[in-house]
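Reading the structure
The primary structure of each chain is shown beneath.
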Amino acid sequence: MEMLLKEMKGGMTPKMIVLDRTSVVESLDREEEAGMFVDKNVSRRSFVKGISATAAGAVIAATGFTAAGCSPQENQGITTSIAVQQEDYDALGEWIPTSCNMCFSSCSILAHVIDGVVVELKGNPDSPIGAGRICGKGAAGLMQLYDPNRITKPLKRTNPNKGLDEDPGWEEVTWDEAYDEVARMIQEAGPTKISGYGGVANHASESYFAASISAFGGQFFMPDICGAGVHNVSHIYASDGNAQPDYKYCKYLLQWGSNAGIATRHGYNISCNVFAEARANGAKLVNIDPHMSSSAEKADMWVPILPGTDAALALSLASVLVHELDIVDTEFLTKRTNGPALVDDSTGRILRHPESNKALFMDVDHVAKPYDEATNPQLEGTFTVEEKTYHTAYTLYKEHLKTYTPEYVEEVTTVPATTIRMLAKEFGEAARIGETIEIDGHTLPYRPVCADTFSGISRHKHSMLSHWAVVALNLIVGSVNSVGGFIGYAAACNGFNDAGQSAYRPGIWEEDGFMESNGCHFAFPQSFYQHIREGIAWDGSRRLDGITPLSEDGHFNYYTQVNPEKYGVEAAELLLVFAANPLKNWGNHDDQIAFLNSYKHIVGIDLYLSDSSYFYDLVLPEASYLERYDMFPHAYNNLLTPGTVEQMPWVMALRQPVVPARDDAPGAVQILANICDRCGVNEMHKMIIGGQWSLADGLPDPDQMLTPEVALDVVAKAWTGGHDLSWFKEHGVYTYNNRSVEEMYVWADEAPGRVPLYWDFMYEAKEKIQAITDERGFEWEFDDYQPLPDWKPCVDFEVTDSDFDLLPVYYTDAINADSWSVNNPWINELNELSDINYFIEMNIQTAADKGLQSGDDIVLSNQDGATVEGKLVVSECVHPQVIASLVGMLGHTSKYLSIGQGRGYAIDHLIPGNDVHRLDYVCTAFDQCVRCKIEKR
């Protein structure tokens, strides 16, 4: 409805709104006639007509009149338009505050409810989360709510045969029957044979889901999303699993594989506004990406790069800064990194004090001292200590960079050497090394440049090295944790109320003075250094957590589940899936079918019957986000972008039902609570949830089932100092204090802490893990366990067959990122209006060389014979050696997705999904760099 309202506002007086549907309905006819809609005989036309008629009836009933010439008679379907005065319309019904869930950013919104019908969604101007704005996905939430294809009753499989060509024979069962069946499966499998698999679309309940899996004794893992690599580098350099440019003060942004600040990433409704203002004030954006996606379209410069070569480009920029331009913040490197650490020339290990194990620096008096005792440490040089030769860590880093000359890197990346030198010069000069800025009475280093990175370069082997190489650019110019530079989302907090609830700051790893992290999901201490020292061990988990110290997503689970004997683990029998589509969330679909068939039972919690549902034994429908409670989505430091000191306070926002759930379908929190209750794990469940939310007194009645209302009420009062659930239901949003300077910039006021330039701890991790893998007799890759970043080629980087000369990539935009996908009529309509979204895009010259042109039906194939068919569009906006596709996991086959079926393409099918060598053995990123050929069909 919001789209229909806003499309017409431009042609009316400011006080008049017209709800018009005629033009929209007419534009939908062509696809209904093409027979694209198979489930429940629902077309987009009837979908729009149905919801519009319901809303129109509510307005008519409330106002008692229609516009002249319009008839509400049933034989005419619906009225063509309904005109009401703006003030009359706003006064109708009620505006209920809640939080969007069309992606994980969870912007605060208001739902206009008239006679029990939601007729409009808009941003909540009283909340800093979204700042009163709503994006296209958010507006399309109305279509999700009233989508007749959304399942609302539990379904049980009756056909024992599983496959995409098998009808599951779904049979409706009662909720009691469904809960009893899940409890039976859990008890039959036993705690060691349960796995949980969750996506991030409903991130508030995804953390709750993971807690529930833990209560059952199971193990949780995640799809192939952004996290592998980027979050871990953010932990290490920003003391937070998420980091970003300090948009307000940033004047020069080098952006790798990301649309942040323009169209995607956490909280982009906030950051895009802040960044837009910065751009208007002269900030420059350079986007580095194989495809001209949203950020590249808006950038000052787009730099097309060959996929998987990002680390080489970053290291070449660093090389130019250090060796050609001599633009280096030596004070920062000396004071805030371990650059002065003395490194043994023969072993590569840092020299340490024999008692404290603290790193030794060479002081100005030529005496090696613990880092915190050296008064004027030497950043660069070669020294002799007890007749052994030592270089400083920075000296080794500087020497290491000599390999990455612009001429060499041009051959690797296809980025011209002249461009590399230009970017390095602009970046270095924009850093304003030596300058300070005054903010709220604090004098702080001012480094208004940022090299930022995200999911585009996560999806490659050597992901950790790539992210590390990019972020380390900020170290050279001193822009890590500096005003205008690379900062954590919420690395420090003085508390959410006057009592200091949830106050935290980064810890310090005393041996090196390194800052420790405060987690990615909740603000828990998360020290990789301590984990490497104390946590590396064989734990028997399918995730192989004990030997993947810098991994959070548990991607080894994909391989250990189907090869348990190889790894000496126990395969799971039961898989519980929440807000994810495992068939499409990894690689080759045939490989994923084998993965799914390795489980005895699968239970899915979802809004729709996706492709993966063809392999489920039981489906538990979750209510729409406008019909349910979730745990507070913004009370921790994962998805809340800080924006600026002035703009963003600490905030908690409620997601609550604004209308009753269709068929009384519960939300995931209620579903999981019922399952925990039937399994007799209420006490454990409450203990884990209480721990997540730092509840000193825990949750009440440990033996009783935890309801969403109780959990929210207890958390609300603890975190706000007294505001309960009823207060939140009325107000929607709680804010507390704008973030202070010392919360935003963790080194303000000379606070202690360093970050590693030289990763000596990787040697310790390698030594311990190698002992375990040697003892257990399975292969492990240690090439990336090194102290300095490098570029290394992906699995399919080299062209071994000239026919397979293209690399597929996929991209996102503001409408399609982390959403419930194209089964939504409005999202689908926008994609169809696009010139590229439902096509496979190819460079215009490359296409001409191959005798191809826009409109051709083509086939993509990899060297294993997997194929994807599609329709081609050519442009100048894609690298000559690349083909690009929206999202990359579309092309749904499920007949239950009446609009999404067949829309877009699933080029992830081309990526071998069972080749463990495609994993990054440090952070478990998944290499999507796969050679393919293109042929006309």
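The notes below deal with the structure included here. Every value quoted in this text rests on a predicted model; they were computed, and no experiment measured them.

1. Points about the overall build of the protein chain
Each helix and strand counted, the protein chain has 30 helices and 35 strands in total. The long-range share in the protein chain, meaning contacts at least 24 apart out of those at least 6 apart in sequence, stands at 72%. Summed over its atoms, the accessible surface of the protein chain is roughly 31400 Å², and 48% of this surface lies on carbon and sulfur atoms.

2. Digging into the pattern of salt bridges
For the coordinates displayed, the defined rule picks out 48 salt bridges. Between E573 and K193 there is a salt bridge; the shortest N-O distance is 3.4 Å. With E573 in the loop between helix 21 (564-567) and strand 25 (574-578) and K193 in the loop between helix 8 (175-189) and strand 8 (194-198), this residue pair connects regions lying 380 residues apart in the sequence. Between K369 and D365 there is a salt bridge whose closest N-O contact spans 3.0 Å. Look at the salt bridges and you will find they share partners, linking E181, R184, E188 and K600 into a network.

3. Observations regarding the nonpolar core
Within the largest apolar cluster, 196 residues are counted, with the highest numbers of intra-cluster contacts made by Y237, W256 and W780. Here this core gets 11 residues from one element, more than from any other, and that element is helix 18 (residues 463-477). Listed in part, the 65 residues of the second largest apolar core include M222, V681, L706 and V715.

4. Thoughts on empty space enclosed by the protein
A full pass over the atoms with the stated rule returns eight cavities of 30 Å³ or more. Roughly 90 Å³ of internal volume is contained in the second largest cavity. Residue lining of the second largest cavity: 13 residues in total, with C100, C103, C107, C135 and N269 positioned closest to the centre. Within the residue set of the lining of the second largest cavity, elements represented by two or more residues are helix 6 (136-139) and helix 11 (268-280). Tallied by class, residues from the lining of the second largest cavity come to seven nonpolar, four polar and two charged.

5. Some details on the packing of helix 19 (residues 528-535) against helix 28 (residues 761-776)
One can describe the packing of helix 19 onto helix 28 by two numbers: an axis separation of 10 Å at closest approach and a directional angle of 30 degrees. On the basis of the axis angle, helix 19 is roughly parallel to helix 28. When you trace helix 19 past helix 28, the crossing you get is left-handed. Between helix 19, through Y529, I532 and R533, and helix 28, the contact on the second element is made entirely by F761, E764, A765 and K768. When grouped by side-chain class, the residues that make up the contact of helix 19 with helix 28 number four nonpolar, no polar and three charged.

6. Focus on the side chain of S108
Along the chain, the position of S108 falls in strand 4 (residues 108-114). A relative accessible area of 0% means that S108 is categorised as buried. Polar side-chain contacts of S108 include one of 2.7 Å to the side chain of S127. Excluding its chain neighbours within four sequence positions, the residues that come into contact with S108 are T98, S99, G123, N124, S127, I129, A653 and V733.

7. Section: the packing of helix 9 (residues 203-216) against helix 23 (residues 668-678)
Interhelical geometry of helix 9 versus helix 23 gives an angle of 5 degrees and a closest axis separation of 10 Å. When the axes of helix 9 and helix 23 are compared, the pair comes out roughly parallel. Facing helix 9, whose interface residues are S205, Y208, F209, S212 and F216, helix 23 presents A668, V669, L672, A673, I675 and C676. In terms of residue class, the contact of helix 9 with helix 23 is made up of nine nonpolar, two polar and no charged.

8. Looking at the pairing of strand 31 (residues 840-843)
Every second residue of strand 31 is oriented toward a common face, with I840 and M842 on one face and E841 and N843 on the other, all of them buried. With two bridges connecting them, strand 31 and strand 34 (residues 882-886) associate as antiparallel partners. Looking at the pairing, M842 lines up with I883 of strand 34.

9. Details of the sheet that holds strand 13 (residues 301-303)
Read from one edge of the open sheet, four strands run 13-12-11-21, paired in parallel fashion. In this open sheet, the two edge strands, each paired with only one partner strand, are strand 13 and strand 21 (449-453). Taking each pair of neighbouring strands and ignoring which way they run, the sheet shows an average axis angle of 15 degrees. The pairing of strand 12 (residues 284-288) with strand 13 spans three bridges and is classified as parallel. Among the inter-strand pairings, N287 is bridged to a residue of strand 13, identified as W302. Relative to the sheet, helix 13 (residues 310-325) contacts strand 11 (252-256) and strand 12, its axis offset from that of strand 11 by approximately 155 degrees. Helix-sheet contacts for helix 17 (residues 417-430) involve strand 11, strand 12, strand 13 and strand 21, and the interaxial angle to strand 11 is about 135 degrees.

10. A few points about the sheet that holds strand 33 (residues 867-875)
Taken together, the six strands give an open sheet; going across it, the order is 30-34-31-33-32-35, and neighbouring strands pair in mixed fashion. A strand with exactly one partner marks an edge of an open sheet, and here the two such strands are strand 30 (807-811) and strand 35 (932-936). Sheet twist, expressed as the mean angle between neighbouring strand axes with direction ignored, is 40 degrees. Relative to strand 33, strand 32 (residues 857-862) runs antiparallel, the two being bridged by five bridges. Directly across from S861, in strand 33, lies its bridge partner T867.

11. Some thoughts on the layout of surface pockets
Size it by volume and the largest pocket reaches roughly 1000 Å³. For the largest pocket, the lining is made up of 40 residues, of which F220, H521, Q526, R543 and E552 are closest to its centre. Of all the secondary-structure elements, those providing two or more residues to the lining of the largest pocket are helix 9, strand 9 (219-221), helix 10 (227-238), helix 19 and helix 24 (682-692). In terms of residue count, helix 9 provides more of the lining of the largest pocket than any other element does, seven residues in total. Of the residues belonging to the lining of the largest pocket, the class tally is 17 nonpolar, 18 polar and five charged. Roughly 410 Å³ of volume is contained in the second largest pocket. Forming the boundary of the second largest pocket are 22 residues, of which E331, K335, L444, P445 and E750 lie nearest the centre. Looking at side-chain class alone, the lining of the second largest pocket contains seven nonpolar, seven polar and eight charged residues.

12. Remarks on the environment of P245
One can find P245 in strand 10 (residues 243-245). Given the relative accessible area of 0%, P245 is considered buried. C-alpha of P245 to C-alpha of S479: the two residues are 234 residues apart in sequence and 9.7 Å apart in space. Each residue touching P245, except ones within four places of it in the same chain, is listed here: L253, C450, D452 and G485.

13. Remarks on the packing of aromatic side chains
Following the criterion strictly, the structure yields 41 aromatic pairs and no others. Judged by centre distance (6.4 Å) and plane angle (70 degrees), the rings of F556 and Y567 are edge-to-face. Within this pair, whereas F556 is found in the loop between helix 19 and helix 20 (557-560), its partner Y567 is found in helix 21, the two being separated by 11 residues in sequence. Their ring planes at 15 degrees and their centres at 4.0 Å tell us that W586 and F926 sit as a pair that is stacked. Placement of the pair is W586 in the loop between strand 25 and helix 22 (589-596) and F926 in the loop between strand 34 and strand 35, with a sequence separation of 340 residues. Accessibility expressed as a relative area gives 1% for W586, which makes it buried. According to the relative accessible area criterion, F926 is buried, its value standing at 0%. Over the ring of W170 we find R157, and its NZ or CZ is 5.7 Å from the ring centre. Residue placement shows R739 over the ring face of W650; its charged tip is 3.8 Å from the ring centre.

Thresholds, definitions, all that
- Residues numbered from 1 in each chain as written.
- Predicted model: local features only at pLDDT ≥ 70, side-chain atom pairs only at ≥ 80, totals over all residues.
- Heavy atoms only, no water.
- Helix = DSSP H or I, 4+ residues; strand = E, 2+ residues; numbered from the N terminus.
- Contact = heavy atoms within 4.5 Å.
- Areas by Shrake-Rupley, 256 points an atom, 1.4 Å probe, with all protein chains shown as cover.
- Salt bridge = Lys/Arg side-chain N within 4 Å of Asp/Glu carboxyl O.
- Core = buried A, V, L, I, M, F, W, Y, C linked by side-chain atoms within 4.5 Å.
- Buried < 20%, exposed > 50% of the residue type's maximum accessible area, 1.4 Å probe, protein only.
- 1 Å grid on protein atoms, 1.4 Å probe; cavity = no way out; pocket = protein on both sides within 12 Å on 5 of 7 lines; lining within 4 Å.
- Points joined across faces, edges and corners; volume = space filled by probe spheres on them.
- Nonpolar A, V, L, I, M, F, W, Y, C, P; charged D, E, K, R; others polar.
- Axes fitted to C-alpha atoms, helices over the stretch in contact; angles between N-to-C directions.
- Parallel < 35°, antiparallel > 145°, perpendicular 65-115°, else oblique.
- Left-handed = near helix turned anticlockwise from the far one by under 90°.
- Polar contact = N/O pair within 3.5 Å; in protein donor to acceptor, adjacent residues only side chain to side chain.
- Pairing = 2+ DSSP bridges.
- Phe/Tyr/Trp six-rings, centres within 6.5 Å; stacked < 30°, edge-to-face > 60°.
- Lys NZ or Arg CZ within 6 Å of the ring centre and 35° of its normal.

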